[in-house]
Amino acid sequence: MNSKPSVPAFWLCIFMSLLLQTGFTQSQVSGTVQDDKQQPIPGATVLILNASDSSLVKGRLSGSDGGYRLEDISPGNYLLRITMIGFEDYQSAPFPLEESGGSKTMPTLSLKENATQMEEVQVVAKKPLFQQKIDRMLINVAGSGVNAGGNALQVLQRSPGVLVNKQSNSISMTGKFGVVIMINGKISRMPPDAIVQMLEGMSADNIERIELIHTPPASYDAEGNAGIINIVLKQSADAGLSGGYSFNGGYGKREKYGAGMNINYRKNKVNVFGSYSYQFDHNPQVFTNYRSIRRDGNILETDGFSDRAPDLHNQNGRFGADFQVSSKTVIGFVGTYFDRYWDMDAVNDIDYSTNGVVDSRVRMFTKEINRWSSATGNLNFSHQFNKNQSLTVDADYVYYKIHNPSDYDIFTLNADREVLSEAQKRVRKETPINIAVAKADYNHNFGKETQLEAGIKGT
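All figures in this text were calculated on a predicted structure; none of them were measured in a lab.

The rules we used
- Per chain, residue numbering runs from 1 following the sequence as it is written.
- Local features in a predicted model are, by the rule used here, given only for residues with pLDDT of at least 70; side-chain atom pairs are given and counted only at 80 or more, and totals for whole chains, interfaces and linings are based on all residues.
- By convention in this description, side-chain values take in all heavy atoms of the structure and omit both hydrogens and water.
- Here a helix means four or more residues in a row that DSSP labels H or I, a strand means two or more in a row labelled E, and each is numbered from the N terminus.
- When a residue's accessible area, from a 1.4 Å probe over protein chains only, is under 20% of the maximum for its type it is buried; when over 50% it is exposed; and in between it is partly exposed.
- Whether two residues are in contact is decided by their heavy atoms, any of which lying within 4.5 Å being enough.
- Surface accessibility in these figures is a Shrake-Rupley result with a 1.4 Å probe; residues are shielded only by whichever protein chains are displayed.
- Using only the protein atoms, space was sampled on a 1 Å grid; points where a 1.4 Å probe fits but cannot get out form cavities, open sets with protein on both sides within 12 Å along at least five of seven lines form pockets, and lining residues are those with an atom within 4 Å of a point.
- Grid points are joined across faces, edges and corners, and a volume is the space filled by probe spheres set on the points.
- All residues other than Ala, Val, Leu, Ile, Met, Phe, Trp, Tyr, Cys, Pro, Asp, Glu, Lys and Arg, Gly among them, are scored as polar; the first ten of these are nonpolar and the last four charged.
- Patch members must show over 30% relative accessible area and no salt bridge, and they are joined within 9 Å when carrying like charges or within 5 Å when they are nonpolar side chains of Val, Leu, Ile, Met, Phe, Trp or Tyr.
- Salt bridges are counted wherever a side-chain nitrogen of Lys or Arg sits within 4 Å of a carboxyl oxygen of Asp or Glu.
- Under the pairing criterion, centres of Phe, Tyr and Trp rings, with the six-membered ring standing for Trp, must be within 6.5 Å; the plane angle then separates stacked pairs below 30 degrees from edge-to-face pairs above 60, leaving the rest tilted.

> Explain the overall build of the chain to me, and be specific about the residues and the numbers.
Counting secondary structure elements, the chain contains 3 helices and 29 strands. When each of the 459 residues of the chain is scored for burial, the buried share is 41%. Within the chain, contacts between residues separated by at least 24 positions form 63% of all contacts whose residues are at least 6 apart in sequence. Counting every atom, the chain has about 25100 Å² of accessible surface; 52% of that belongs to carbon and sulfur.

Next up, the structure:
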């Protein structure tokens, strides 16, 4: 029984192999941390690190009972590091996680109190990586070596309760979707999938901290039901000119490198700030897909192979200024630019066999460009009438565009690789989006226990 593949059947198999993500359940690590009196230590920072380079994989704080559980960890070799102010740091020996979907329980760990006697006392302030507040968790990115050279999306992937799905370009927090992303307290108006791409190109070296707000105050927009992620970028409050720059590079299957800078100038009543980052990643990929079914007593097999060589260029820019009109009034503006350019050449082969004998083959050459770009502008005004009354006004405009041309050259071959037919497919997709939003918020405190908040918004 011989059967020649139709083009739709080939497209289905190829796209399944290219787009479907292999599903598996990842492992988890759990345990308990206590002091030398066997009392639980809540709020200790618990980190899972790669054993090879001590880079951060996952982290969280221990609970009120001293317990911790870190989930969604791929098989590999890891270290466990636990830190707590007033106690000596703990780091385990390397240990393996070999099973997908497995669970490893660490022995109960007793931290020793740090009671070293010193001749000279020096007080050094250093923020922990994670800080738990009443309504939010703070991730202090600045000064944390485990996040150096990374990007904002990678920091979120390692954060407690945050799950980033790059396959669907979505971010969830505590298992809920609909997370609102804010930059310096201002909502990012771009579509969710564009926000994921933007965060991937935002250098972690330009970030001061990330706030995971699980129970947002009433003053925040009721957009989504999963809370708010507020990314606070570096901005100096000191007078004069200040800033920083960074470079990073590496080689995995191919080269990757990047650079970033931030600058701040403050004098009298004027504050000007800006940042820029660029990241490049050349990451070859190989996808395989095999399928075998029995039909009418025959074994029908489909064996697919896709060799891809994508290049990724990411750029992020931000510029703004604040003007102190008076002691009670501030006017400011912020502009941002984002550009993600993904370029891929791929060769896809698929063989069709019956009872172990190749019937026919298909070869497809793919050229695809996926460019996501956006520009945003914000004008803001705030006025403090007195210590109990304030008004803030914001006007935002977002221009966003996806440019996605794809070219496919498809050749149907016989078992001896002779060309039987040729087809070409050209796809062009343009997605322009324009959004304008204006809002005003008024706040009036009548006392320690009574507060009035009111606002209006138009989109």
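> Tell me about unusual backbone geometry, residues and numbers included.
Here Asp-296, not a glycine, exhibits a phi torsion of approximately 55 degrees, which is positive. Among the secondary structure elements, Asp-296 is positioned in the loop between strand 21 (285-295) and strand 22 (298-324). Within the chain, Arg-417 stands out as a residue other than glycine whose phi angle is a positive 65 degrees. Structurally, Arg-417 is set in the loop between strand 26 (406-414) and strand 27 (419-427). Arg-417 gets classed as exposed once you look at its relative accessible area, which sits at 54%.

> Summarise empty space enclosed by the protein; cite the residues concerned and give the values.
One water molecule sets the probe size; rolling that probe over the atoms shows where empty space is left. Scanning the model with the defined rule gives 3 cavities of 30 Å³ or more in all. Taken as a whole, the largest cavity encloses approximately 420 Å³ of empty space. Forming the boundary of the largest cavity are 29 residues, of which Ile-183, Arg-318, Val-334, Thr-336 and Thr-376 lie nearest the centre. Those elements that place two or more of their residues in the lining of the largest cavity are strand 15 (186-187), strand 20 (270-282), strand 22, strand 23 (329-354), strand 24 (357-386) and strand 25 (389-403). A breakdown of the residues in the lining of the largest cavity according to their chemical character gives 12 nonpolar, 13 polar and 4 charged. Lining the second largest cavity we find 11 residues, and of these Lys-234, Asn-262, Gly-274, Ser-275 and Arg-318 sit closest to its centre.

> Before we move on, can you summarise a nonpolar patch on the surface with the specific residues and values?
Residues Leu-241, Tyr-245, Phe-247, Met-261, Ile-263, Tyr-265 and Tyr-276 make up a contiguous nonpolar surface patch of about 810 Å² in total accessible area. Listing elements by their share of the nonpolar patch, those giving two or more residues are strand 18 (240-251) and strand 19 (255-267). The residue Ile-263 is located in strand 19 in this model. For Ile-263, a relative accessible area of 39% corresponds to the partly exposed category.

> Before we move on, could you go through the packing of aromatic side chains and cite the residues and values that matter?
Throughout the structure, instances matching the rule amount to 5 aromatic pairs. Centre to centre, the rings of Tyr-245 and Phe-247 are 5.9 Å apart; their planes meet at 65 degrees, and the pair counts as edge-to-face. Taking the centre distance of 6.4 Å and the plane angle of 50 degrees together, the rings of Trp-372 and Tyr-400 count as tilted. With a gap of 28 residues between them, Trp-372 in strand 24 and Tyr-400 in strand 25 connect regions that are remote in the sequence. With relative accessibility at 1%, the residue Tyr-400 sits in the buried group.

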